[in-house]
Amino acid sequence: MRLIVLHHHFRPGGVRRVIELATPMLRAGFRPPLSEVVLAGGEAPETPWWDRFAAALVPVPVRLVLEPAFGYLAGQRRTPAAVARRCRQALEQLLAGSQAGAAAVWAHNLSLGRNLLLTRELTRACAARGVTLLAHHHDWWFDHRWTRWPEMRRAGFSNVRAVAETLFGPPAVQHLVINSTDARLLRPALGGRVHWLPNPASPAEPVPAPQRTAARRWLDRRVPPEVPVWLVPTRLLRRKNLAEALLLTRWLRPEAWLVTTGGISSPEETAYARHLAAAATRHRWPLRLAVLAGGRADRQPSVPALMAAAEVLLLTSLIEGFGLPYLEAAAAQRPLLARTLPNIAPDLHRFGFRFPQAYAELAIPPELFDWRAERDRQARGFHRWRHALPGAYRRRAEPPALLAAAAPGPIAFSRLTLRAQIEVLGHPPERSLEAARPLNPFLADWRERASHGQLVLTPWPVGASRWLGGTAYARRLLRAWRAARCDPGSEPVDAAACQAHCVRDRLRAEHLYPLLWSPEV
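Note that the coordinates shown come from a computational prediction; the quantities given were computed from them, not determined experimentally.

## Some details on the pairing of strand E12 (residues 336-339)
Regular strands have side chains that alternate between both faces of the sheet. Alternating positions in E12 separate into two faces, Leu-336 and Ala-338 on one and Leu-337 and Arg-339 on the other, with burial throughout. Pairing analysis gives three bridges linking strand E11 (residues 312-315) to E12, with the strands arranged parallel. Residue Leu-314 lies in a different strand from E12, and its bridge partner there is Leu-337. Where the polypeptide runs from E11 across helix H12 (residues 324-332) and back to E12, its parallel neighbour, the crossover connection is right-handed.

Structure representation (structure tokens):
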């Protein structure tokens, strides 16, 4: 049995972490047993990561196959026709000798739409050979990633139906999703071919005291020595809504510094990062962005060590597919301040997690920013954003919260542009907190607790392993593999209706955030 694990790249991030954790869990479950694991992608991982990955799979041999055409289209110099041809040739070599029932392709994040030519060639190649294809969806191209649409059109996908047919049309594909909300959206069209597969997670071993101390010393060379550090363990992305984490830090622990770990992972995030960093410098805010970016990994503390050295962790994301940082905070036994995300909160509750410092939104009174200027900005931004949507979807976009308001009133901080967020942050924290406290009564208690180091921890639930443990993960994934063997997928799928159903949900006002409309600020 050959298992081929395919992803566009193997850069650090959530998808690679799932591959790293989950692949060794699958060794014992396949029948016939695994004879080889092939890691295939457009970019190579770092050597230390590859060495650890291969060692975790011993005695199963592991092979790395690199094909640049498997990477993101935006990074390719070939024409679309040449990329498709190269993908076809590389897949023929990759699947050569694979027999029906004795090979499986576990493909990650085809749903991002970053290389639909690969997706199309992969589904065709697997179908022609009877090879099981498990399409593991971590993110969606239509979930605030509409800048992918022009790229898709240039690649030859002239309408949304063509995209839908490529992602959802092939009948033999099994679709793995990481939250139950996505499963519920897909099942009306795809039925039993949809499998809910929560990411694997487990309570971490405590970071040894020397590593924690070394991480704190390392931080003291980057922030004022011995100040409290509140940490956001994430890359520098708009969807992480980092200004909100800074606002919470300034309100609840004025003497603390906010630190983020990862750097920019895409050119589309550059303007956001530049404006936020410039505002922090101009106003002398206690903010240190991307503390791990650009350094040598062997000379830096690990993210778990930084989490252990931090006083508090924060997660202020606008969207998440699974919400691994919630679990990492519980595993690290650090207090967490986090936004409640409707698509993943039910799953976390089902797993047994309770987050005492979770909140839906931070309500901001209109006197803390220029309401009229912000309304004009959002009106222009929303018009441009909606015009950039595929024509078939434009009318489905609901107006965002601020534009739907008849008169100035409280608005969630997350529903503001970065410029308005910076205006709010520009006020002295005591003044803005005093104005916002009546709208957010939980802040008074949290500030009192934070000042005395008494923010509440989230324990790791006793029963979480039945959902998140390695055995449970392997069982769910192998169930999807067996389902493909039992059902070759002869029934047609209304792919366009399936995608439209998902898009309709994503274009509701509750899912619209100005930060995500455009890379430009």
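## Here we look at the sheet that holds strand E4 (residues 103-108)
Through backbone hydrogen bonds, the strands of a sheet pair up, either in parallel or in antiparallel fashion. What the seven strands build is an open sheet, ordered E3-E2-E1-E4-E5-E6-E7; its pairing is parallel. Each of the sheet's edge strands pairs with one partner strand only, and the pair in question is strand E3 (62-66) and strand E7 (194-196). The mean angle between the axes of side-by-side strands here comes to 20°, regardless of whether they run parallel or antiparallel. With five bridges joining them, strand E1 (residues 2-7) and E4 adopt parallel strand pairing. Each residue of the ladder has a partner; that of Ile-4, found in E4, is Val-105. Contacts from helix H2 (residues 47-56) reach strand E2 (36-41) and E3 within the one sheet, and its direction differs from that of E3 by about 140°.

## What to know about helix H17 (residues 429-436)
Of the residues making up H17, those classed as buried are Ser-432, Leu-433 and Ala-436. Angularly, the buried residues of H17 cover 100° about the axis, an arc narrow enough to put them on a single face. On its buried face, H17 sits against helix H9 (242-252), strand E14 (363-364), helix H16 (418-426) and helix H18 (442-451).

## Examining the packing of aromatic side chains
A full pass over the atoms with the stated rule returns 23 aromatic pairs. Aromatic side chains Trp-49 and Phe-53 sit 5.2 Å apart centroid to centroid with 10° between the ring planes, which places their arrangement in the stacked category. Placement of both Trp-49 and Phe-53 in helix H2 is noted, with a separation of four residues, approximately one turn of the helix. According to the relative accessible area criterion, Trp-49 is buried, its value standing at 1%. Under the relative-accessibility criterion, Phe-53 is labelled buried at 2%. Considering the side-chain rings of Trp-196 and Trp-467, the 5.6 Å spacing of their centres and the 45° angle between planes classify their relative orientation as tilted. Separated by 271 residues along the polypeptide, Trp-196 in strand E7 and Trp-467 in helix H19 (residues 465-468) bring together distant segments of the chain. Trp-467 sits in the buried class, given a relative accessible area of 14%. An aromatic cluster is defined as three or more aromatic residues linked by ring pairs; in this entry it consists of Trp-140, Trp-141, Phe-142, Trp-146, Trp-149, Phe-168 and Tyr-393. When the ring centre of Trp-218 is taken as origin, the NZ or CZ atom of Arg-222, which lies over that ring, is 3.8 Å away. Its guanidinium or amino end placed over the ring of Trp-196, Arg-476 lies 5.3 Å from that ring's centre, counting from NZ or CZ.

## Quick look at the sheet that holds strand E10 (residues 287-288)
Strand order in the open sheet made by the six strands is E10-E9-E8-E11-E12-E13, with parallel pairing throughout. The sheet terminates laterally at E10 and strand E13 (358-359), the two strands that pair on one side only. Strands in contact with H12 are E11 and E12; relative to E12, the strand with the most contacts, it is inclined by about 165°.

## A word on the side chain of Ser-180
Here Ser-180 is to be found in helix H7 (residues 180-190). Residue class for Ser-180 comes out buried when judged on its relative accessible area of 13%. Sequence-distant contacts of Ser-180, that is, excluding residues within four places in its chain, are made with Trp-196 and Asp-347.

## A few points about the nonpolar core
Ranked by size, the top nonpolar core spans 152 residues in total, and within it Val-105, Trp-141, Trp-230 and Leu-468 carry the most contacts. Counting 29 residues, the second-largest nonpolar core is a separate cluster that includes Leu-26, Leu-34, Trp-106 and Trp-481.

## Section: helix H21 (residues 495-506)
Here H21 contains 12 residues, and its C-alpha end-to-end distance of 17 Å stays within 8% of the 16 Å for a straight helix at 1.5 Å per residue. Of all 12 residues in H21, nine are buried; the element is thus mostly enclosed. Listed as buried for H21 are Ala-495, Ala-496, Cys-498, Gln-499, Ala-500, Cys-502, Val-503, Asp-505 and Arg-506.

## Examining the side chain of Thr-166
By secondary structure assignment, the location of Thr-166 is in helix H6 (residues 160-168). Every residue in contact with Thr-166, bar those within four places of it in the chain, is listed here: Leu-116, Thr-119, Arg-120 and Phe-157.

## Thoughts on the pattern of salt bridges
The tally for this structure, following the rule as stated, stands at 30 salt bridges. The partner of Lys-240 in a salt bridge is Glu-320, and the shortest N-O contact between them spans 2.5 Å. Here the residue Lys-240 occupies a position in the loop between strand E8 (229-232) and H9, and Glu-320 occupies one in the loop between E11 and H12, the gap between them amounting to 80 residues. A salt bridge links Glu-434 to Arg-437; its shortest N-O distance comes to 3.4 Å. Linked by salt bridges that have partners in common, Asp-143, Asp-182, Asp-505, Arg-506, Arg-508 and Glu-510 make up one network.

## Side note on the pairing of E11
Burial along E11 is two-sided: the residues Val-312 and Leu-314 and Leu-313 and Leu-315 are all buried. Sheet topology note: the E8/E11 ladder contains two bridges and is parallel. Residue pairing across strands places Leu-231 opposite Leu-313, the latter belonging to E11.

What counts as what
Residues numbered from 1 in each chain as written. Predicted model: local features only at pLDDT ≥ 70, side-chain atom pairs only at ≥ 80, totals over all residues. Heavy atoms only, no water. Buried < 20%, exposed > 50% of the residue type's maximum accessible area, 1.4 Å probe, protein only. Helix = DSSP H or I, 4+ residues; strand = E, 2+ residues; numbered from the N terminus. Pairing = 2+ DSSP bridges. Right-handed = clockwise from strand over helix to strand, strands pointing away. Axes fitted to C-alpha atoms, helices over the stretch in contact; angles between N-to-C directions. Contact = heavy atoms within 4.5 Å. Arc of directions from axis to C-beta. Phe/Tyr/Trp six-rings, centres within 6.5 Å; stacked < 30°, edge-to-face > 60°. Lys NZ or Arg CZ within 6 Å of the ring centre and 35° of its normal. Core = buried A, V, L, I, M, F, W, Y, C linked by side-chain atoms within 4.5 Å. Expected span 1.5 Å × (residues − 1). Salt bridge = Lys/Arg side-chain N within 4 Å of Asp/Glu carboxyl O.

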